[in-house]
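Each chain, written out:
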Amino acid sequence: MRPLFYFLSFSLISQFVLAGTPPAYRVTKIPNPPSKFETKQIDGLDFLPDGRMAVCLPSGEVFLYSPKSKKWQLFAEGLHNPLGLIGESNTSLIISQRPEVTRVSDTDGDGKADDFEVLTDAFGMSGNYHEFHFTPVKDKEGALYFSLGTGSSGDGIRSIVRGKFDPRGRPGRMHASTPYRGCVMKLTKDGKTIPWSYGHRTPNGLGLDLEGNLFVTDNQGDWVGSSKLFHVKEGRFYGHVASLTWKKGFKGAPLEADPRELAKMRSRAAVVFPHGSMANSPTQVLAITPEAKFGPFTGQLLVGEMNRNRIVRVMLEEVDGELQGACVPFIDGGALARGCNRMAWAPDGSLYVGHTKHTWAGGEGISRVEWNGEDPFEVASMKLMKDGFRFSFTKPVDRELAEDPANWPFKRYYYKYHKSYGSPQTGVTPIEVESVEVSKNGKTVMVRLKELKAWHIHEVNIRGLKSADGTSLANSYLAYTLNRLLENTPPDPLHVSGKASPKKTLQGEPVKVIDPIGTVYQAEDAKRRGVGLATGHSGFTGRNYADFGEGEQSIGWTVESAKSGQGKILIRYALGASKRPLKLIVNGKDVGILPFPPTGDWKKWGDLISPVTLKKGENKIVLQTNGASGGNIDHLQVVEP
């Protein structure tokens, strides 16, 4: 199995620039929960009305923490991959775990959960490891929202799935073969579960702003040139194509559609996070509330980041009826760990951050971020003008430094919309600064540019700016996602590349097992070491076949026999190359080399039969490479003694 956040980020080597935690903020560590599995990763975090903090761990445990006593208490255990929670009351939590949204409650007052209520499980599961279920949030009317990740081509799907299986959604690097992978979902107050938006790849982080607008982040990958923040509206499509399988009115297979038509359908991101410099794997969205003691930024959004010890601040504005705006590093480096996955405001106004890594990018533990009450020297807002940008600062600027156009090096670019993984910055163009004007009070700077171009990211690295009292600007790197101008916005240029995939070649067609002579064990049911699952060649049974690569690889099944003695196995395979023998290992002992002669074509399936000695009960049957690759293995049949 590949690590959990394998596809959330493309590179850990990228350079992050011009950022640092303002000195007005202090980061300290909170003791880790006493997990019996020694888990220190936090995948959900919220505060209860009585001031205790609730966290959920990838081990399936849920703990409560008292900031006053600094003591932990186990509240629940046995959940499946919980990735977010809401503190509904002092005795009740709502948790997104892999198979369902669950209300977990303590009904007898002993401090431990005794009631687990399914609020909804009305979505599909194929068994693919990447089908994560993220972050429940509740709106002011009491409706719940949660988000569903797509499956990964790095893993297969099981022979039994939950929900309808639709092969149109199966092809692609990230796929949606069952409902409603790649969607943000809504659970209404009257219990209806409906797909709310489409086109999400790995939507690891829902959040509401102070006006009730819903936002979700997405991570760079196929169809996602760089990580993004979307303003989620009902029925919209946000770019990743797999979930279109489940959108009413969409016909055909998503990957067979013309990319230009897909680009016309999509809604643009409110903010694009430049990859490698701003954020590679953004997570939860959290609004800075009036009750939060966090500086002069009330109403703005915080977004966590997995790959670096960073929390990004987002400044939005409405232009021509849509939200767009800027992002800037905010809490960055120092004592803050990587993997800023979940965040919540404590009753005292400080920020608690849960860290995770799941064997990939990130960290572990819990951080607390406190503000000392002094205003940092930061950009308070960046807003669009007809001919440039208006920067508001938290302190008066040094006028001489601010008025020097050389200290405002702007550039613009965009990311391609295509099915390939990620995108380089495209059309990178320096932008000439025509003038800089500082307001009388010194807290506003208007930077007029020679040209603004819609549908481009406008980025600036402010050079050497200080406040009038000599304080250096804490974070000088900003990126504004300029979709719409204040006047005369041209049509969306789409920024698309690539062509539709050929029809009828996206996936091989499976067939049924006809008259099996023994118990059938499919390839997707096996334990695999290095062996992938594929669907490219027709004629396989089940959901996938095993595709051997180079190097030492193996596939193995645990099979049952009612008694001891000699039975036989039948291995269904296809081999369109020369002979590729595999080693047969039964219950840990080398039995011999099976020849696996060519079948003549990768779509032509044959059977190889071999006697085996079985014991009563469980038996381990393994096929292992023997100095070269192997063929494609469809399934194993076992005829008992």
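Residues numbered from 1 in each chain as written. Predicted model: local features only at pLDDT ≥ 70, side-chain atom pairs only at ≥ 80, totals over all residues. Heavy atoms only, no water.

1. As for the overall build of the protein chain
And step 1. In terms of helices and strands, the protein chain carries two helices and 45 strands.
And step 2. Taking 26 Å as the expected radius of gyration for a compact globule of 641 residues, we find that the protein chain reaches 27 Å, a close match to that expectation.
And step 3. For the protein chain, the spread of C-alpha atoms along the principal axes amounts to about 90 × 60 × 45 Å.
And step 4. Taken over 641 residues, the protein chain has a buried fraction of 59%.
And step 5. Considering only contacts in the protein chain between residues 6 or more positions apart, those separated by 24 or more positions represent 67%.
And step 6. Seen as two clouds, the 80 positive and the 69 negative side-chain charges of the protein chain have centres 5 Å apart. (Helix = DSSP H or I, 4+ residues; strand = E, 2+ residues; numbered from the N terminus. Rg over C-alpha atoms; globule rule 2.2 N^0.38 Å. Buried < 20%, exposed > 50% of the residue type's maximum accessible area, 1.4 Å probe, protein only. Contact = heavy atoms within 4.5 Å. Lys, Arg positive; Asp, Glu negative; His and termini not counted. Charge placed at Lys NZ, Arg CZ, Asp CG, Glu CD.)

2. Re the sheet that holds strand 5 (residues 71-76)
And step 1. Read across the open sheet, the four strands follow the order 2-3-4-5; overall the sheet is antiparallel. The strands lining the two open edges of the sheet, one partner per strand, are strand 2 (44-47) and strand 5. When the angles between neighbouring strand axes are averaged without regard to direction, this sheet yields 25 degrees.
And step 2. Sheet analysis places strand 2 next to strand 3 (residues 53-56), joined by four bridges and oriented antiparallel. When the sheet's bridge partners are listed, Gly44 is paired in strand 3 with Cys56. (Pairing = 2+ DSSP bridges. Axes fitted to C-alpha atoms, helices over the stretch in contact; angles between N-to-C directions.)

3. Regarding the nonpolar core
And step 1. Membership of the largest hydrophobic core comes to 33 residues, with the highest contact counts inside it found for Phe389, Phe391, Phe393, Trp408, Phe410, Val445 and Val447.
And step 2. When contributions to this core are tallied by element, the ones reaching two or more residues are strand 22 (310-319), strand 23 (322-332), strand 27 (379-384), strand 28 (388-393), strand 31 (433-438), strand 32 (444-449) and strand 34 (477-482).
And step 3. Both of domain 3 (270-371) and domain 4 (392-482) provide at least three residues apiece to this core.
And step 4. Here Val445 is in contact with Phe389, Arg390, Phe391, Phe393, Val397, Ala402, Trp408, Val436, Glu437 and Val438, once residues within four sequence places are set aside.
And step 5. Grouped together as the second largest cluster of nonpolar side chains are 32 residues, Phe215, Val232, Leu301 and Cys327 included. (Core = buried A, V, L, I, M, F, W, Y, C linked by side-chain atoms within 4.5 Å. Domains from an automatic or database assignment.)

4. Focus on the domain arrangement of the protein chain
And step 1. Here the protein chain is described as being made up of domain 1 (26-121), domain 2 (122-258), domain 3 (270-371), domain 4 (392-482) and domain 5 (520-640).
And step 2. Taking the mean C-alpha position of each, domain 2 and domain 4 sit 34 Å from one another.
And step 3. On the side of domain 4, nine residues touch domain 2, which itself brings twelve residues to the contact.
And step 4. Of the roughly 840 Å² buried at the junction of domain 2 and domain 4 (both faces included), carbon and sulfur atoms supply 59%.
And step 5. Interface area lost by domain 2 to domain 4 is led by Gln220, Trp223 and Gly225, which between them contribute 52%.
And step 6. Inspection of the region where domain 2 meets domain 4 yields zero salt bridges.
And step 7. Applying the counting rule to domain 2 against domain 4 returns four residue pairs in polar contact (both at pLDDT 80 or more).
And step 8. Among the residues making up the side of domain 2 that touches domain 4, the classes are represented as four nonpolar, five polar and three charged. (Buried area = accessible area lost by both parts, 1.4 Å probe. Salt bridge = Lys/Arg side-chain N within 4 Å of Asp/Glu carboxyl O. Polar contact = N/O pair within 3.5 Å; in protein donor to acceptor, adjacent residues only side chain to side chain. Nonpolar A, V, L, I, M, F, W, Y, C, P; charged D, E, K, R; others polar.)

5. Overview of empty space enclosed by the protein
And step 1. Evaluated as defined, the whole model comprises two cavities of 30 Å³ or more.
And step 2. In this model, the largest cavity occupies a volume close to 180 Å³.
And step 3. Around the largest cavity, the lining is made up of 22 residues, and of these Lys228, Arg266, Arg268, Val272 and Tyr415 lie nearest the centre.
And step 4. Those elements giving two or more residues to the lining of the largest cavity turn out to be strand 18 (228-232), strand 29 (410-415), strand 33 (456-461) and strand 34.
And step 5. Looking at the lining of the largest cavity, the element that brings in the most residues is strand 29, giving three residues. (1 Å grid on protein atoms, 1.4 Å probe; cavity = no way out; pocket = protein on both sides within 12 Å on 5 of 7 lines; lining within 4 Å. Points joined across faces, edges and corners; volume = space filled by probe spheres on them.)

6. Considerations on the layout of surface pockets
And step 1. Roughly 750 Å³ of volume is contained in the largest pocket.
And step 2. Taken together, 31 residues form the lining of the largest pocket, with Asp46, Ile86, Leu286, Ala344 and Trp345 sitting closest to its centre.
And step 3. Secondary-structure elements contributing two or more residues to the lining of the largest pocket are strand 2, strand 6 (85-87), strand 10 (133-138), strand 16 (206-208), strand 20 (282-287) and strand 24 (340-345).

7. Regarding the pairing of strand 7 (residues 92-97)
And step 1. For strand 7, the tally of buried residues reaches six of six residues, placing the bulk of the element in the interior.
And step 2. Side chains of strand 7 alternate between two faces, with Ser92, Ile94 and Ser96 and Leu93, Ile95 and Gln97 buried alike.
And step 3. Pairing analysis gives three bridges linking strand 6 to strand 7, with the strands arranged antiparallel. In the strand pairing of strand 7, Ile86 is matched with Ile94.
And step 4. As consecutive antiparallel partners, strand 6 and strand 7 are separated by four residues.
And step 5. Between strand 7 and strand 8 (residues 100-105), which pair antiparallel and follow one another directly, the connecting turn spans two residues.

8. Remarks on the side chain of Ser629
And step 1. In this fold, Ser629 is placed in the loop between strand 44 (617-625) and strand 45 (632-639).
And step 2. Within the local environment of Ser629, its side chain forms a polar contact with the backbone oxygen of Gly549, the two atoms lying 3.1 Å apart.
And step 3. The contacts of Ser629, once residues within four sequence positions are left out, are Phe548, Gly549, Glu550 and Arg580.

9. A closer look at a negative patch on the surface
And step 1. The grouping of Asp108, Asp110, Asp114 and Asp115 at the surface amounts to a negative patch.
And step 2. With respect to the secondary-structure elements, Asp108 resides in the loop between strand 8 and strand 9 (115-120). (Patch = residues over 30% accessible without salt bridge, like charges linked within 9 Å, V, L, I, M, F, W, Y side chains within 5 Å. Areas by Shrake-Rupley, 256 points an atom, 1.4 Å probe, with all protein chains shown as cover.)

10. Focus on the confidence of the model for the protein chain
And step 1. Confidence in the prediction of the protein chain, expressed as mean pLDDT, is 93, and 96% of residues score 70 or more.
And step 2. Long-range and interchain partners of residues 1-17, a stretch whose pLDDT sits below 50, account for 65 contacts in this model, where long-range means more than four residues apart. (pLDDT = per-residue confidence, 0-100.)

11. Topic: the sheet that holds strand 11 (residues 144-148)
And step 1. Read from one edge to the other, the open sheet built from four strands follows the order 10-11-14-15, with strand pairing classed as antiparallel. Only two strands of the sheet have a single neighbouring strand rather than two, namely strand 10 and strand 15 (193-197). Pairwise comparison of adjacent strand axes, ignoring direction, gives a mean angle of 30 degrees for this sheet.
And step 2. In this sheet, strand 14 (residues 184-187) lies alongside strand 11 in antiparallel orientation, the contact comprising four bridges. Within strand 14, the position partnered with Phe146 by the bridge is Met185.

12. Here's the deal with the environment of Lys386
And step 1. Locating Lys386 in the fold gives a position in the loop between strand 27 and strand 28.
And step 2. Since its relative accessible area comes to 61%, Lys386 is described here as exposed.
And step 3. Measuring from C-alpha to C-alpha, the distance between Lys386 and Leu449 comes to 9.6 Å, with 63 residues separating the pair along the chain.
And step 4. Among the polar contacts made by the side chain of Lys386, one reaches the side chain of Glu487 at a distance of 3.0 Å.

13. Considering the pattern of salt bridges
And step 1. Applying the stated criterion across every chain yields a total of 28 salt bridges.
And step 2. For Arg103, the salt bridge is made with Glu117, and the minimal N-O distance between the two is 3.1 Å. One end of the pair, Arg103, is in strand 8; the other, Glu117, is in strand 9, and 14 residues separate them in sequence.
And step 3. A salt bridge links Arg236 to Glu322; the shortest N-O distance between them is 2.8 Å. Remark: Glu322 occurs in strand 23 and Arg236 occurs in the loop between strand 18 and helix 1 (259-265); sequence separation between them is 86 residues.
And step 4. Exposure remark for Arg236: the relative accessible area of 24% places this residue in the partly exposed category.
And step 5. On the basis of relative accessible area, Glu322 is assigned to the buried category, the value being 17%.

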